[in-house]
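An overview of the molecular structure
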Amino acid sequence: VDLNTTTEGCSVFGKDDIFSPHTNRQYLFHITPQIPVHQSGAGTRAVSVSVGKMDIVWRGRFGERGRIQTGQLKAVIPPPHELQVTLSESPGIVQLERQFPISITLSNNTNREMRLRYQLERQPGAGTLWCGITNETLQELGPQECLDITLNLLPILPGIQAIGNVIFIDMLNNQKRYPILKLGSVFVSHDY
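Residues numbered from 1 in each chain as written. Predicted model: local features only at pLDDT ≥ 70, side-chain atom pairs only at ≥ 80, totals over all residues. Heavy atoms only, no water.

What about the sheet that holds strand E8 (residues 114-120)?
Sheets are built from strands that pair by backbone hydrogen bonding, the pairs being arranged parallel or antiparallel. This is how it is decided: For two strands to be treated as a pair, DSSP must find at least two bridges joining them. Helix numbers and strand numbers start at the N terminus; a helix is a DSSP run of H or I with at least 4 residues, a strand a run of E with at least 2. Structural elements are reduced to axes, namely lines fitted to C-alpha atoms, with helices fitted over the stretch in contact, and the angle between N-to-C directions of any two is expressed from 0 to 180 degrees.
Strand order across the open sheet formed by 4 strands is E10-E8-E13-E14, with antiparallel pairing between neighbours. Unpaired on one side and paired on the other, strand E10 (135-141) and strand E14 (176-180) mark the two borders of the sheet. On average, adjacent strands in this sheet sit at an angle of 25° to one another, irrespective of strand direction. Direction of pairing for E8 relative to strand E13 (residues 166-170): antiparallel, over a ladder of 5 bridges. Across the sheet, residue Leu 120 finds its bridge partner in E13, namely Val 166.

Here it is in structure tokens:
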């Protein structure tokens, strides 16, 4: 994904793509693997993958062409967490003092069963409160399986508020704890 253009398709560097001598620019690109990490054989170790080559082409002051091509670029993909917790659905803007749902996807990246229990905790000074059951055991989650859960929040302060402070506990693995401090954020408005 090219991160060097605006949503309108214009360059972030302006309309002129001309470099003065001795100037430099940094271009950003987001590379997404074609094979999901949990299917790439990563297991519990980091994996090095080839992400391709970079080909840079330009024209000089008198129209002469220039080109640089790199060798194969490699990226190291860190091993996945045993339990991956992802905020899969959440509104971007919510109204103050109106309850709203969020969806969380839990991914078991281990080769063993997990029986998870969650605890929802309130951080002092937080702008949201958890609504509903705050301590519940979920169904068993098999190896390399995912589970979606829905939780509800009540925003009590306006502005950008963090969504988090959830602890997942694996009841089958010596009560191993997976604290999640921040899943994402939401903007709380008075008059949405």
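The discussion continues.
Let's talk about the nonpolar core
Taken as a class, soluble globular proteins show a tendency for nonpolar side chains to be buried jointly. Inclusion rule: Here, nonpolar core means buried Ala, Val, Leu, Ile, Met, Phe, Trp, Tyr and Cys residues that are tied together by side-chain atoms lying within 4.5 Å of each other. Between buried and exposed lies partly exposed: a residue is buried under 20% and exposed over 50% of the maximum accessible area for its type, with that area taken using a 1.4 Å probe on protein chains only. We call two residues in contact whenever any of their non-hydrogen atoms come within 4.5 Å of each other.
Judged by nonpolar contacts, the single largest core of 27 residues is most densely connected at Leu 83, Leu 106, Ile 149 and Phe 168. Mapped by element, the contributors of at least two residues to this core are strand E5 (83-89), strand E7 (100-108), E8, E10, strand E11 (146-155), E13, E14 and strand E15 (184-189). If we ignore the near neighbours within four places in the chain, the residues touching Phe 168 are Leu 83, Val 85, Leu 106, Arg 117, Tyr 118, Ile 149, Lys 176, Arg 177, Tyr 178 and Ile 180.

Examining the sheet that holds strand E12 (residues 159-163)
Sheet architecture is open: 3 strands sit in the order E6-E15-E12, paired in mixed fashion. The sheet is open, and its two edges are formed by strand E6 (93-95) and E12, each paired on a single side. Across the sheet, the mean angle separating the axes of adjacent strands is 40° when strand polarity is ignored. Two strands pair when backbone bridges link them, and E6 and E15 are joined in this way by 3 bridges, in the parallel orientation. Counterpart to Gln 95 in the pairing with E15 is Ser 189.

Thoughts on a nonpolar patch on the surface
Where we set the bar: Nonpolar side chains (Val, Leu, Ile, Met, Phe, Trp, Tyr) within 5 Å and like charges within 9 Å form the patches, drawn only from residues with over 30% relative accessible area and no salt bridge. Calculation of accessible area relied on Shrake-Rupley with a 1.4 Å probe; when residues are assessed, cover is drawn exclusively from the protein chains displayed. By definition, a salt bridge exists where a carboxyl oxygen of Asp or Glu is found within 4 Å of a side-chain nitrogen of Lys or Arg.
A surface patch of nonpolar side chains, about 1100 Å² in accessible area, is lined by Val 12, Phe 13, Phe 19, Tyr 27, Phe 29, Ile 31, Val 51, Met 54, Ile 56, Trp 58, Ile 68 and Leu 73. Judged by relative accessible area, which is 44%, Ile 68 ranks as partly exposed.

Observations concerning the environment of Asn 174
Within the secondary structure, Asn 174 sits in the loop between E13 and E14. Taking the relative accessible area as the measure of exposure, Asn 174 reaches 75% and is therefore exposed. Taking the C-alpha atoms as reference points, Asn 174 and Leu 151, separated by 23 residues in sequence, lie 26 Å from one another.

Looking at the pairing of strand E3 (residues 65-69)
Two strands pair when backbone bridges link them, and strand E2 (residues 55-59) and E3 are joined in this way by 5 bridges, in the antiparallel orientation. Within E3, the position partnered with Trp 58 by the bridge is Gly 66. With antiparallel pairing between neighbouring strands as the criterion, E2 and E3 make up a hairpin whose turn holds 5 residues, including Gly 63 at a positive phi of roughly 90°.

Topic: the pattern of salt bridges
Inspection of the entire model under this criterion finds 5 salt bridges. Put simply, Arg 67 and Asp 55 hold a salt bridge, and the shortest N to O gap is 2.9 Å. On the criterion of sequence distance, the pair formed by Arg 67 in strand E3 and Asp 55 in strand E2 is long-range, its members being 12 residues apart. According to the relative accessible area criterion, Arg 67 is exposed, its value standing at 53%. Residue Asp 55 is classed as partly exposed on the basis of its relative accessible area, which comes to 42%. The salt bridge involving Asp 170 is made with Arg 112; its shortest N-O contact spans 4.0 Å.

Some points on unusual backbone geometry
Positive phi values are uncommon outside glycine, yet Glu 97 reaches one of about 60°. Mapped onto the secondary structure, Glu 97 falls in the loop between E6 and E7. Here Glu 97 falls in the exposed class, since its relative accessible area comes to 58%. Backbone geometry at Asn 174 places phi at a positive 55°, although glycine is not the residue there.

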